[in-house]
Amino acid sequence: MDTKPEKKVIKKIPRTEMPTQPPMVRIRNYLEVALGYTDAEAKAEAARCIQCKKPLCRKGCPVEIDIKGFIGQLQKGDLPGAYKVLRDYNSLPAVCGRVCPQETQCEGECVLGKNPDKTGGPVCIGRLERYVADTFAARLAKGDSACLQITGEAACRMERPELKVACIGGGPSSLTVAGYLAALGIKVTVFEALHEVGGVLVYGIPEFRLPKGIVRREIDAMKALGVEFKTNWVGGKAILVQELLDQGYKAVFLGVGAGLPQFMNVPGENNIGVFSANEYLTRVNLGRAYDFPNFDTPIFKADNVAVIGGGNVAMDAARTALRLGAKNVYIVYRRTKDEMPARLEELEHAIEEGVQLQCLCGPLEFIGDENRRLTAIRLQKMCLGEPDASGRCRPVPIEGDTGELKVGLAVIAVGTRPNPILLEATPGLKLNKRGYIEADPETGETSIFGVFAGGDIVTGAATVISAMGAGRRAAKEIARRLLGDEA
Amino acid sequence: MSYRILQKKILIPGQTTLLVIDAPHVAKKAKPGNFVILRTSDKGERIPLTIADCDAEAGTVTIVFLVVGKSTAELNTFEEGMSLPDFCGPLGKPTHIHKQGTVICVGGGTGVAAMHHIAKGHASAGNHVVAVIGARNKDLLLFCNELGTFCPEVLVATDDGSFGHKGFVTEVLKKRLEEDKDVSEVVAIGPVPMMEAVAKVTKPFGVKTTVSLNSIMVDGIGMCGACRCTVGGETKFACVDGPEFDGHQVDFGELRMRLGQFKAEEQESMQLFQHKCQCGEGK
């Protein structure tokens with residue numbers, strides 16, 4: 001570490017693997033798959049970072065974390081220092097360390113990744129981020145202020161109760177806005193429609209990928225900072241945007257998420273045993289149906305399960321089905337493995353656990369018995385054609401080539417469309433062609449002055465971190481307007 | 001925040017209960033046709049219930065529920081002064097209410113409670129509201145007197161003839177429609193077979209018929225699609241597109257089938273609950 005960067009000889013050191021529960025053990029429980037670095041592993045991995053003069057990794061991060069900075073602190077053995085750097089950019093580091101697609105963001109840009117044969121591959125930035133967040137929280141003594149957790153400082157800035165900001169929706173984008181503004185002493189109230197705060201972090205992403213205790217820890221810290229959470233308040237129903245402005249909120253942030261599940265419009269789709277991924281995952285995660293009947297929300301089980309779609313949500317649903325006891329779980333996807341939008345790590349974990357891929361086919365019909373209970377899916381076989389607008393090869397049906405997959409449960413994970421509740425109840429809110437909120441890409445401001453939006457309700461379904469990036473941009477603009485140069 | 005139960009009234013012992021709940025922000029916004037979702041504990045499932053009445057000034061919302069499974073049995077253990085941990089609303093699209101003439105509101109079973117709120121709405125819009133309610137016998141009739149306070153006609157049918165017409169509400173409805181060609185709308189809320197039968201009766205008369213669907217729901221805000229139903233050949237979500245739909249367009253067979261989706265789990269849950277209750281009582 002003493003050599004000057006320009007003279008640094010890069011040795012080939014492999015990426016430090018993170019321990020995981022063995023596949024055949026973890027499909028019998030609902031506990032987290034990846035176990036996190038030990039101190040020694042983190043130290044070894046941090047040492048791989050060459051502290052570039054002009055780090056590229058940061059450009060790959062939607063919230064522009066000073067990655068070099070936090071890893072530099074780790075190299076010095078300064079955990080609180082590393083945490084402080086992370087917190088300055090990201091109010092949910094323990095979450096992002098787990099669910100960000102690092103391979104296409106920071107780690108995708110890491111200079112060590114350019115020539116992996118000589119370097120061993122990019123620095124495991126995500127794993128280090130998770131290590132810092134978890135270890136810092138674990139070492140906080142009881143009674144340490146939440147302020148320390150959020151800002152890394154023992155005392156928070158003075159509250160400014162006269163400066164009120166409201167967030168509608170309690171997911172990643174709103175939580176980012178709340179965390180950022182609360183750290184500046186601004187009074188934030190978050191209106192969440194469900195009975196639990198966290199949005200997709202609690203209803204969508206399963207416990208085995210993101211333990212709910214981690215989300216709660218972040219939210220409890222925000223509560224201690226003075227953020228008020230109002231659960232069971234549906235924006236557009238119990239409270240309107242205009243009412244919030246009339247009540248003296250200086251700004252309103254809309255982070256209501258992607259919304260309604262897409263169905264496929266094929267026959268038999270409403271048969272018993274056909275679910276949207278949203279319903280399947282919400283029952284299991286928000287409703288804790290994996291612990292039925294100890295918890296009241298039931299879940300549908302079958303020996304043979306098909307999940308339609310190739311994204312992260314599909315992987316989550318497939319891996320959930322395995323944990324609920326399914327013998328065969330298939331991912332039905334109309335392109336091939338290479339085109340799947342899911343993170344490579346999620347796909348690999350799913351395959352390790354025994355999920356079977358049925359590529360190049362799509363549902364033609366959900367076949368039910370006389371009681372309309374699902375018994376099989378009739379599939380259309382496909383081949384790959386010319387690339388489409390997304391750059392991926394278009395799936396083309398092979399005429400006459402169909403098959404049948406015998407399943408008792410099908411989970412449809414093919415995306416979402418905008419939820420109309422808040423949009424219909426907010427006159428003057430301009431929407432784009434796809435029906436999502438039109439927001440200034442720089443500031444997140446909508447067509448209504450003082451009303452900002454970010455996350456999936458602006459972009460359509462995307463990642464947690466991109467929603468947080470949007471939240472951060474909006475929060476910065478709100479802070480600038482409310483505090484002027486102080487922010 | 002918690003939601004205190006200000007009043008509990010047992011309408012039919014062991015079966016149907018009315019709760020008046022302190023929820024000012026819901027009461028302020030609730031309109032006829034809206035529903036709420038509540039939970040009875042931190043381990044509870046989300047239960048959708050149509051609003052039976054509300055008082056914006058008092059800040060109260062009235063719900064009426066039938067004890068059908070574990071969650072409603074647990075809800076029935078709540079007494080005045082106790083609080084519900086979660087109470088979310090108002091949800092769903094409100095009933096389309098405007099001055100239009102004569103409206104017949106048909107209610108069956110616990111559905112009479114929800115129908116009561118809608119009938120009240122139609123009455124305050126200046127419509128001539130005819131209430132048609134039914135039950136197995138006169139002791140099981142709900143909201144009969146309350147409906148009488150704003151409906152110029154309250155027609156009753158009981159299975160055993162202990163009050164009003166002996167037979168079904170559909171027979172009363174048919175007779176009423178035959179006598180009066182100027183009925184502008186029929187609203188029906190109750191068990192699925194009843195709503196389906198009402199739609200069948202009104203069809204030949206060409207009267208607009210609105211039904212309120214009690215589909216299985218999870219979030220109640222459009223996220224999950226558990227409540228999807230087929231209306232006029234299209235898939236709709238009862239929670240955000242409804243819960244009210246054109247009764248002549250609804251696929252009732254599918255609705256009935258989907259309502260039975262979790263029957264086995266519901267029974268398992270209920271048995272466990274009853275077992276616990278018995279143990280708790282030291283039996």
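Residues numbered from 1 in each chain as written. Chains lettered and ligands numbered in written order. Predicted model: local features only at pLDDT ≥ 70, side-chain atom pairs only at ≥ 80, totals over all residues. Heavy atoms only, no water.

### Examining the overall build of chain A
Within chain A one finds 19 helices and 15 strands. Whereas a compact globule of 487 residues would reach a radius of gyration of roughly 23 Å, chain A reaches 23 Å, a difference of no more than 12%. Each principal axis of the C-alpha distribution contributes one length, and for chain A these read about 65 × 60 × 50 Å. Burial statistics for chain A: of 487 residues in total, 58% are counted as buried. Relative to all contacts within chain A whose residues are 6 or more apart in sequence, the contacts with residues 24 or more apart total 69%. Summing over all exposed atoms, chain A offers an accessible surface of approximately 20,000 Å²; the carbon and sulfur share of this is 52%. With 63 positive and 59 negative side-chain charges, chain A shows a spacing of 3 Å between the two charge centroids. (Helix = DSSP H or I, 4+ residues; strand = E, 2+ residues; numbered from the N terminus. Rg over C-alpha atoms; globule rule 2.2 N^0.38 Å. Buried < 20%, exposed > 50% of the residue type's maximum accessible area, 1.4 Å probe, protein only. Contact = heavy atoms within 4.5 Å. Areas by Shrake-Rupley, 256 points an atom, 1.4 Å probe, with all protein chains shown as cover. Lys, Arg positive; Asp, Glu negative; His and termini not counted. Charge placed at Lys NZ, Arg CZ, Asp CG, Glu CD.)

### A short note on the sheet that holds strand β13 (residues 208–212) of chain B
All names here are of chain B. What the seven strands build is an open sheet, ordered β11-β10-β9-β8-β12-β13-β16; its pairing is mixed. Either end of the sheet is taken by a strand with one partner, and the two such strands are β11 (165–166) and β16 (244–246). Two elements, strand β8 (residues 102–108) and strand β9 (residues 128–135), share seven bridges in a ladder whose sense is parallel. The residue bridging cysteine 105 from the neighbouring strand is alanine 131, located in β9. Most of the contacts of helix α3 (residues 111–124) go to β8, to which it runs at about 165°, and overall it touches β8, β9, β12 (183–189) and β16. Along the sheet face, helix α6 (residues 192–202) touches β8, β12 and β13 and points at about 160° away from the line of β12. (Pairing = 2+ DSSP bridges. Axes fitted to C-alpha atoms, helices over the stretch in contact; angles between N-to-C directions.)

### Quick word on the pairing of strand β13 (residues 409–412) of chain A
All names here are of chain A. The side-chain alternation of β13 yields two buried faces, one formed by Leu409 and Val411 and the other by Ala410 and Ile412. Pairing analysis gives three bridges linking strand β6 (residues 274–276) to β13, with the strands arranged parallel. Paired with valine 274 across the two strands is alanine 410, which belongs to β13. The pairing of strand β7 (residues 304–308) with β13 spans four bridges and is classified as parallel. By the bridge assignment, valine 305 is partnered in β13 with leucine 409.

### Observations concerning the packing of aromatic side chains
Across all of its chains, the model carries nine aromatic pairs over all chains by this definition. Arranged with centres 6.4 Å apart and planes meeting at 85°, the rings of Phe300(A) and Phe262(B) form a pair that is edge-to-face. Placement of Phe300(A) in the loop between α14 (277–285) and β7 and of Phe262(B) in the loop between α7 (252–259) and α8 (263–280) is noted, with the two residues assigned to different chains. Residue classification places Phe300(A) among the buried positions, given a relative accessible area of 7%. Residue Phe262(B) is classed as buried on the basis of its relative accessible area, which comes to 1%. (Phe/Tyr/Trp six-rings, centres within 6.5 Å; stacked < 30°, edge-to-face > 60°.)

### A few points about the sheet that holds strand β2 (residues 16–22) of chain B
Residues and elements named next belong to chain B. Taking strand neighbours across the sheet as the criterion, the seven strands line up as β6-β1-β2-β5-β4-β3-β7 in an open arrangement whose pairing is antiparallel. In the strand order of this sheet, the two ends are held by β6 (83–84) and β7 (86–91), each with one partner. The pairing of strand β1 (residues 3–12) with β2 spans six bridges and is classified as antiparallel. Of the residues in β2, the one forming a bridge with isoleucine 5 is isoleucine 21.

### Quick look at the interface of chain A and chain B
Listed by partner, the interface residues are 45 residues for chain A and 47 residues for chain B. Counting each side, the surface lost to burial between chain A and chain B is near 3,900 Å², with a carbon and sulfur contribution of 55%. Taken together, the links from chain A to chain B amount to four salt bridges. As a salt-bridge pair, Lys29(B) and Glu243(A) come within 2.7 Å of each other at their nearest N and O atoms. Residue assignment for the side of chain A that touches chain B shows that the elements contributing at least two residues are β5 (260–261), β6, α14 and α17 (420–424) of chain A. Counting residues per element, the side of chain A that touches chain B draws most heavily on α14(A), which supplies four residues. Of the residues contributing to the side of chain A that touches chain B, the split by class is 21 nonpolar, 14 polar and 10 charged. (Buried area = accessible area lost by both parts, 1.4 Å probe. Salt bridge = Lys/Arg side-chain N within 4 Å of Asp/Glu carboxyl O. Nonpolar A, V, L, I, M, F, W, Y, C, P; charged D, E, K, R; others polar.)

### Quick word on the pattern of salt bridges
Any two side chains of opposite charge can pair, so long as their charged atoms come close to each other. Scanning the entire structure with this criterion turns up 46 salt bridges over all chains. With a shortest N-O distance of 3.2 Å, Asp39(A) and Arg139(A) are connected by a salt bridge. Remark: Arg139(A) occurs in helix α8 (residues 125–139) and Asp39(A) occurs in helix α2 (residues 39–47); sequence separation between them is 100 residues. Of the residues examined, Asp39(A) reaches a relative accessible area of 43% and is grouped as partly exposed. In this structure, Asp86(B) and Arg39(B) form a salt bridge, with 2.9 Å as the shortest nitrogen-oxygen distance. Taken together, the residues span a long stretch of sequence, with Asp86(B) in strand β7 and Arg39(B) in strand β3 (residues 35–39) at a distance of 47 residues. Each member of the pair, Asp86(B) as well as Arg39(B), is classed as buried.

### Describing the nonpolar core
Phe70(A) and Val106(B) are the most contacted members of the largest nonpolar core, which totals 135 residues. Among the elements that make up this core, the one with the highest residue count is helix α19 (residues 464–483) of chain A (eight residues). In terms of nonpolar packing, the next biggest core, distinct from the first, is built from 37 residues, Val284(A), Ile331(A), Leu347(A) and Leu409(A) among them. (Core = buried A, V, L, I, M, F, W, Y, C linked by side-chain atoms within 4.5 Å.)

### Thoughts on unusual backbone geometry
Each neighbour pair has its own omega, and for Phe292(A) with Pro293(A) the value is 5°, a cis peptide bond. Assignment of secondary structure puts Pro293(A) in the loop between α14 and β7. Note the cis peptide between Gly242(B) and Pro243(B), where omega equals 15°. Positionally, Pro243(B) belongs in the loop between β15 (234–237) and β16.

### A few points about the packing of α6(B) against α7(B)
All names here are of chain B. Between α6 and α7, whose axes approach to 10 Å, the crossing angle comes to 175°. Here α6 is positioned roughly antiparallel relative to α7, judged by the angle of their axes. Together, Val192, Pro193, Met195, Glu196 and Ala199 of α6 and Phe252, Leu255, Arg256 and Leu259 of α7 make up the contact between the two elements. Looking at side-chain class alone, the contact of α6 with α7 contains seven nonpolar, no polar and two charged residues. (Parallel < 35°, antiparallel > 145°, perpendicular 65-115°, else oblique.)

Keep in mind these values describe shape, not function.
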